[in-house]
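Residue-level listing of the chains:
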Amino acid sequence: TRPALESIIYDSVKNFSYTFDGCILENSEGEFEYLDKSKDYDCQGRIDCLLKDPSDNETILIDFKSSASSIPVNTFLDKDDPDTLPDFQMPMYIYLMRNQQKPVIVDNACFYDVTKGSCSIVFGKNLGQRLGKVPDKIPEKEDFEDTIKFLLDYMDEMVHRIQIGDFAPDPEIQDYSF
């Protein structure tokens, strides 16, 4: 098993180095927090990796995943199906970055599967080019705004429901009959 593990680690590091060649590490395992005084909650997160591409001064946010199955499938809000919640990890990270004392604009974001050494793009043309993807098929950071807004609205709604003690099940959604 040791040779197999060494091979996985080697391939992952090699692919990561190739994909992000020339980038500069801005932050690793950084803890971020934002307290909006108009809200009754604060937001916190630990961001795995922030890189800066000096060729175009773009920031790349990377979240490492231990397997392909842990990479979220629905990262964007689906306006046609508002009952399906998108994954909130990446929008929370983007929100945190924007609201630091020195704001960080995230131009590219991805999940990186360390076992396969592969990158799943959330958004960013630069990242798409690095991976040889067709630029028209890659969402841009502006395309993520509705998802971020949905996250913020959802957080407000959940805090409000907690404050008023609204924990009752919705009979249209939950059915406890057997």
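A quick note: this is a predicted structure, and the numbers were derived from the prediction, not measured.

Enquirer: Explanation requested: the sheet that holds strand β1 (residues 24-35) in the structure shown.
Expert: Whenever strands of a sheet pair, they do so through backbone hydrogen bonds, lying parallel or antiparallel. Taken in spatial order, the five strands make up an open sheet running β1-β2-β3-β4-β5, and their pairing is mixed. Two strands close off the open sheet at either side, each with one partner strand: β1 and β5 (118-123). Taking the axes of each pair of neighbouring strands and ignoring which way they run, one obtains an average angle of 35 degrees across the sheet. Strand direction decides the pairing type here: strand β2 (residues 42-53) and strand β3 (residues 58-65), joined by five bridges, are antiparallel. Among the inter-strand pairings, D53 is bridged to a residue of β3, identified as E58. Each of β2, β3 and β4 (108-113) is contacted by helix α1 (residues 2-19), which is oriented at about 165 degrees to β4, the strand it contacts most.

Enquirer: Could you clarify how one ought to interpret the state of the cysteines in this entry?
Expert: Any covalent bond linking the sulfur atoms of two cysteines counts as a disulfide. Scanning the model with the defined rule gives zero disulfides in all. C110 provides the cysteine sulfur closest to C119, a residue in no disulfide bond, and the two sulfurs are 3.2 Å apart. Overall, C119 belongs to the buried group, its relative accessible area being 15%.

Enquirer: Would you mind showing me how to read the side chain of D113 here?
Expert: Inspection of the secondary structure puts D113 in strand β4. Lacking a salt bridge, the buried D113 has K116 as its closest oppositely charged neighbour, with an N-O distance of 5.1 Å. Looking at D113, its side chain comes within polar contact range of the side chain of T115, at 2.6 Å. With residues up to four places along the chain from it excluded, the contact list for D113 reads S12, K65, S66, S67, A68, I71 and S118.

Enquirer: What is the right way to read the side chain of S12 from this model?
Expert: Looking at the secondary structure, you find S12 in helix α1. Setting aside residues up to four positions removed in sequence, S12 forms contacts with Y112, D113, V114 and G117.

Enquirer: Sorry if this is basic, but what is going on with the packing of aromatic side chains here?
Expert: Think of a pair of aromatic rings as described by two things: how far the centres are apart, and how the planes are tilted against each other in angle. Per the stated rule, a full pass over the model turns up 10 aromatic pairs. Centre to centre, the rings of F16 and F64 are 5.8 Å apart; their planes meet at 45 degrees, and the pair counts as tilted. You can see F16 sitting in helix α1 and its partner F64 sitting in strand β3, a full 48 residues away along the chain.

Definitions and limits used
Residues numbered from 1 in each chain as written. Predicted model: local features only at pLDDT ≥ 70, side-chain atom pairs only at ≥ 80, totals over all residues. Heavy atoms only, no water. Pairing = 2+ DSSP bridges. Helix = DSSP H or I, 4+ residues; strand = E, 2+ residues; numbered from the N terminus. Axes fitted to C-alpha atoms, helices over the stretch in contact; angles between N-to-C directions. Contact = heavy atoms within 4.5 Å. Disulfide = S-S within 2.5 Å. Buried < 20%, exposed > 50% of the residue type's maximum accessible area, 1.4 Å probe, protein only. Lys, Arg positive; Asp, Glu negative; His and termini not counted. Salt bridge = Lys/Arg side-chain N within 4 Å of Asp/Glu carboxyl O. Polar contact = N/O pair within 3.5 Å; in protein donor to acceptor, adjacent residues only side chain to side chain. Phe/Tyr/Trp six-rings, centres within 6.5 Å; stacked < 30°, edge-to-face > 60°.

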